[in-house]
Structure formats: C-alpha cells, structure tokens
Amino acid sequence: MKNREALPYLTSKRLSPENQESPIHFLYEWLTPIKYFYRRNHFPYPVLAKENFLLSITGEVSHPRFLSYDKLLSMPVKSLLIPLECAGNKRANFMPKVYGEQWEDGAISQGKWTGVPLRNILQKAGVSNDAKEVVFDGADYGTKPTIDESIPFQRSLPIEKAMHPDTIIAYKYNNKPLTFKQGYPLRLIVPNWYAMASVKWLSKITVINHTFAGPFQADDYVYYPHKDSDNDKIPVTLLNVNSTIQKPINLSILNTGTHYIQGMAWTGCGIITEVQISFDKGEPWHNATLYKFPHENYSWVFWSIQWKVEEKGEYTIFSRAKDSNGRIQPLTAFWNRKGYGFNAVTKVNVKIES
Ligand SMILES: Nc1nc2c(c(=O)[nH]1)N[C@H]1C(S)=C(S)[C@@H](COP(=O)(O)O)O[C@H]1N2
Ligand SMILES: [Mo]
C-alpha cells in the first residue's frame, strides 16, 4: 500500500488557534525536526512577507531604527541550541484541575536557533539611561474573553535580560529560514525563560521606562497561588527544573528481564547535574547516566538507566532532575490557578506481565 507511514505525529489540542503537542516520547534527537515542533498560538496566524517588512526599534532610544530582513541578515550572527517549553506544559497533571489547554508532556521542543543578538541592535539604537523594559509585539492579533478590543500578542523583558548576549532575534531554525508557523520572518528567542517570552512574528520593539502591564504580561503568565484571590502573585519567568520519561510509555505492559528507562531533563537555572530514578514509588533513588551536548548549556540532556525486573506486578517509575542551583523536582507541584510550571517528580506506571 502506498503512503502508509508508521511515524509519530503532533497531537492536536485545538485547531484554531492551532495548539499541538510534540510526540516527545519518540524524539531521541538534539534537534527536534520542524514537523515535530509543538505549536502554541493565541490568535490566528498572521501572514508576513520579508520584502515589505521592517522591524522597528523605538521608544526610549536616541536613534530609532527600522531594519529590513536583509539588513538583519548582514549583521553578526549567533547560533544556540535552545529548548522552548510552554509554561503550561504538563498542566493536565495538576490536582485540583485547572482551566486552560490540558497539555501533557509534549509542549516542549528544541533546536538550533540562529540570529542576531538583540543587544547589538539595542546598542545601535542608543538605549536611554532610564530604560526599564523592552516590549516586543508579534504581528498576530485578536480578542480575549477579558478584553473588548483586538490586541496583538505582546510581551516585555527587563532591560538586563534584553541585553543578555544570548537573547537573539532569530531568523533560522535548524539551519533553515524560520517557517511561517514558527514566526517567519523573525522571532525573539529568550533562553532559560518559558516560551511565552519568545515572541513569534516579531515586528516591533519598544524600549520603555516603566513596567509593561499588557494582558499577556500582567494577567496571563503569572503564578496565582490562591484559588479565589490574586494575592501573592509572581510573574512566570525562568524554566523550572524538570524531566520527562520517554521510555517506557505510561501504562506499558512489559515482561520480566532488562529494560532501559530513558528520558530528558532540563532547567532554566544553570545546568542539569543529576537525574535520579526510582523503580517503584520513591526510595531508593538511582543515578541515571547523563548525555550532554558539548558546549550547549541551554540544551536538554538525555538520560538512561538499566532496570532489571524479576517480579511480575505493577510498578510506578519516578524520575527527578537536579540542577546546579540546587533546585530539584518536588514530590508535589506548586499548584497555581492558571496551571503554569508543573514540575513534580515525573511518574510512569507499568505492568510486568510475564
Ligand atoms: N506572536 C506570538 N508569539 C508567541 C505566541 C503567540 O501566540 N503569538 N505564543 C507564545 C507561547 S505561549 C509559546 S509556548 C510559544 C510557542 O511557540 P511554538 O508555536 O513555536 O511552539 O510561542 C510564544 N510566542
Ligand atoms: Mo506557552
């Protein structure tokens, strides 16, 4: 039979706007192929052509700029291996349940991003001394239930993060021009932060001397620890330390013998130093072997451990990652009303049948 393929595919959570999970359990690669990159959108896709496109840099700057796509391509370039993880990744695991896209563990993907450090462009524009934040506009727009008018997708960064040498305006993914769904022609890439910061279809950069309070900054992407009040809210920024068990898949039926438990781990604070596995609900923990991509400290790490199992029955395999800042996946996730940053110890149930 023709056109029959046994390949993994994106799992749709929603068609418009398009929200789809990566088949993360089947990806043992450093670079997620573009067809397996997860998709998370707030609005319909905008259509941009590089020919009539100018990126503006205005606001608290001495020399406002309007850069063409070709001008950007002529500037000094940088390439980095960076994962993008949606702040809602693994939201489906929160108890009690929270409203929002019920992502399992596939709202994460990574690849090689190539572009111009934002810092170079800001320096050319001459950022004023009282600059506080930089606001990034995507070209996509639409309405939100809480707001009447049509608004663009907008996010800000503190000036320090905007000036970080690894915050880049990307125009290539895995050595090819960005695809239309991933932000063509330009996309901000903010390493170590949850992916809402990495604004697609980047069209406008505005330096401001106050705190930005757009809806995607001050309402969404904020941890609200309480069910009924907005007290103690904290903005969502850095990725939590986290891991995913890729193999075995949850609820697998296996036989006695030797199995390899495999997965990935990542953090937004330093590097992964350890991944520990328990073969059945906690103590004892065993150290997995880590596989790191040389000189790419933002990249996820892969890990693997051998499991010899002789007794039939049901088992719950746990994984927990630690990072160089002493952070470790907790047994229970920090519950918050909008369901961001789930990073409790990762669990997979299996049955050993014969
Ligand atoms: N312009 C624009 N940028 C955006 C978004 C968006 O809806 N519009 N979504 C953000 C969120 S919440 C995530 S998780 C990532 C998703 O990127 P992807 O679709 O390439 O996976 O893009 C971020 N940047
Ligand atoms: Mo997201």
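Residues numbered from 1 in each chain as written. Chains lettered and ligands numbered in written order. Predicted model: local features only at pLDDT ≥ 70, side-chain atom pairs only at ≥ 80, totals over all residues. Heavy atoms only, no water.

A.B. asks: Pulling in residues and values, what's your account of helix α2 (residues 118-125)?
C.D. replies: Residues lying three or four places apart along an α-helix face the same way, a consequence of the helix completing one turn every 3.6 residues. Every buried residue of α2 is accounted for by Leu-118, Ile-121, Leu-122 and Ala-125. All buried residues of α2 fall inside an arc of 100° around its axis, so they share one side. Two residues or fewer after α2 comes Gly-126, characterised by a positive phi angle close to 70°. (Buried < 20%, exposed > 50% of the residue type's maximum accessible area, 1.4 Å probe, protein only. Helix = DSSP H or I, 4+ residues; strand = E, 2+ residues; numbered from the N terminus. Arc of directions from axis to C-beta.)

A.B. asks: So what's going on with the layout of surface pockets? Residues and values would help.
C.D. replies: Each pocket or cavity is described by its volume, and for the largest pocket that value is around 870 Å³. In terms of lining, the largest pocket is formed by 32 residues, of which the most central are Asn-93, Glu-104, Asp-105, Asn-250 and Lys-347. Of the residues belonging to the lining of the largest pocket, the class tally is 18 nonpolar, eight polar and six charged. The residues that make up the lining of the largest pocket include at least three from each of domain 1 (11-220) and domain 2 (242-352). Quantified by volume, the second largest pocket comes out at close to 740 Å³. Lining the second largest pocket are 25 residues; nearest its centre among them are Arg-40, Tyr-99, Lys-144, Pro-145 and Asp-220. In terms of residue class, the lining of the second largest pocket is built from nine nonpolar, seven polar and nine charged. Mapping the lining of the second largest pocket onto the domain boundaries places at least three of its residues in each of domain 1 (11-220) and domain 2 (242-352). (1 Å grid on protein atoms, 1.4 Å probe; cavity = no way out; pocket = protein on both sides within 12 Å on 5 of 7 lines; lining within 4 Å. Points joined across faces, edges and corners; volume = space filled by probe spheres on them. Nonpolar A, V, L, I, M, F, W, Y, C, P; charged D, E, K, R; others polar. Domains from an automatic or database assignment.)

A.B. asks: Describe the site of ligand 1, and please don't skip the residues or the numbers.
C.D. replies: Lining the immediate environment of ligand 1, one finds 19 residues, of which Tyr-38, His-42, Asp-140, Arg-187 and Lys-200 sit closest. Residue Lys-200 places a side-chain N or O atom 2.5 Å away from an oxygen atom belonging to ligand 1. For ligand 1, the accessible surface in isolation is 530 Å², of which the surrounding protein chains cover 100%. With respect to the detected pockets, ligand 1 is housed in the largest cavity. A breakdown of the residues in the shell around ligand 1 according to their chemical character gives nine nonpolar, five polar and five charged. (Near = heavy atom within 4 Å. Polar contact = N/O pair within 3.5 Å; in protein donor to acceptor, adjacent residues only side chain to side chain. Areas by Shrake-Rupley, 256 points an atom, 1.4 Å probe, with all protein chains shown as cover. Sits in = over half its atoms within 2 Å of the grid points.)

A.B. asks: Requested: an account of empty space enclosed by the protein, with residues and values cited.
C.D. replies: Inspection of the entire model under this criterion finds one cavity of 30 Å³ or more. The volume enclosed by the largest cavity comes to roughly 280 Å³. Around the largest cavity sit 21 residues that line it, and Arg-40, Arg-187, Ala-195, Ser-198 and Lys-200 are the ones nearest its centre.

A.B. asks: Quick rundown of the domain arrangement of the chain? Include the residues and the values.
C.D. replies: Taken domain by domain, the chain holds domain 1 (11-220) and domain 2 (242-352). Contacts between the two partners involve 35 residues from domain 1 and, on the opposite side, 32 residues from domain 2. Buried surface at the junction of domain 1 and domain 2, summed over both partners, amounts to about 2900 Å²; 60% is from carbon and sulfur atoms. Between domain 1 and domain 2 we count one salt bridge in total. Lys-338 is the salt-bridge partner of Asp-220, the closest N and O atoms lying 2.7 Å from each other. Of all elements in the fold, only β5 (78-85) and β6 (108-117) reach the threshold of two or more residues within the side of domain 1 that touches domain 2. In terms of residue count, β5 provides more of the side of domain 1 that touches domain 2 than any other element does, five residues in total. Looking at the side of domain 1 that touches domain 2 residue by residue, the class counts come to 18 nonpolar, nine polar and eight charged. (Contact = heavy atoms within 4.5 Å. Buried area = accessible area lost by both parts, 1.4 Å probe. Salt bridge = Lys/Arg side-chain N within 4 Å of Asp/Glu carboxyl O.)

A.B. asks: Describe the sheet that holds strand β7 (residues 133-144), naming the residues involved and giving the relevant values.
C.D. replies: The mixed open sheet is built from five strands, whose spatial order is β4-β3-β12-β7-β8. Edge positions in the open sheet fall to β4 (65-68) and β8 (147-158), since each of these has one partner strand only. Across the sheet, the mean angle separating the axes of adjacent strands is 25° when strand polarity is ignored. For strand β3 (residues 54-59) and β4, the ladder comprises four bridges, and the chain directions are antiparallel. Within β4, the position partnered with Ser-56 by the bridge is Phe-66. (Pairing = 2+ DSSP bridges. Axes fitted to C-alpha atoms, helices over the stretch in contact; angles between N-to-C directions.)

A.B. asks: Could you give me a rundown of the pattern of salt bridges, with the residues and numbers involved?
C.D. replies: In this structure the tally under the stated criterion is twelve salt bridges. Lys-204 is paired through a salt bridge with Asp-137; the nearest N and O atoms lie 4.0 Å apart. With Lys-204 in strand β12 (residues 202-208) and Asp-137 in strand β7, this pair connects stretches of sequence that are 67 residues apart. With relative accessibility at 39%, the residue Lys-204 sits in the partly exposed group. On the accessibility criterion, Asp-137 (7% relative accessible area) is buried.

A.B. asks: Outline the packing of aromatic side chains, listing residues and values.
C.D. replies: Under the definition given, this model contains 21 aromatic pairs. Aromatic pair Tyr-69 and Tyr-171: ring centres 6.5 Å apart, planes at 70°, arrangement edge-to-face. In this pair, Tyr-69 is assigned in helix α1 (residues 69-73) and Tyr-171 in strand β9 (residues 168-173), connecting sequence segments 102 residues apart. The exposure class of Tyr-69 is buried, given its relative accessible area of 6%. Given the relative accessible area of 6%, Tyr-171 is considered buried. Connected via pairs of aromatic rings, a cluster forms that spans Phe-37, Tyr-38, Trp-103, Trp-113 and Tyr-173. Between Arg-320 and the ring centre of Trp-285, over which it is positioned, the NZ or CZ distance is 4.0 Å. (Phe/Tyr/Trp six-rings, centres within 6.5 Å; stacked < 30°, edge-to-face > 60°. Lys NZ or Arg CZ within 6 Å of the ring centre and 35° of its normal.)

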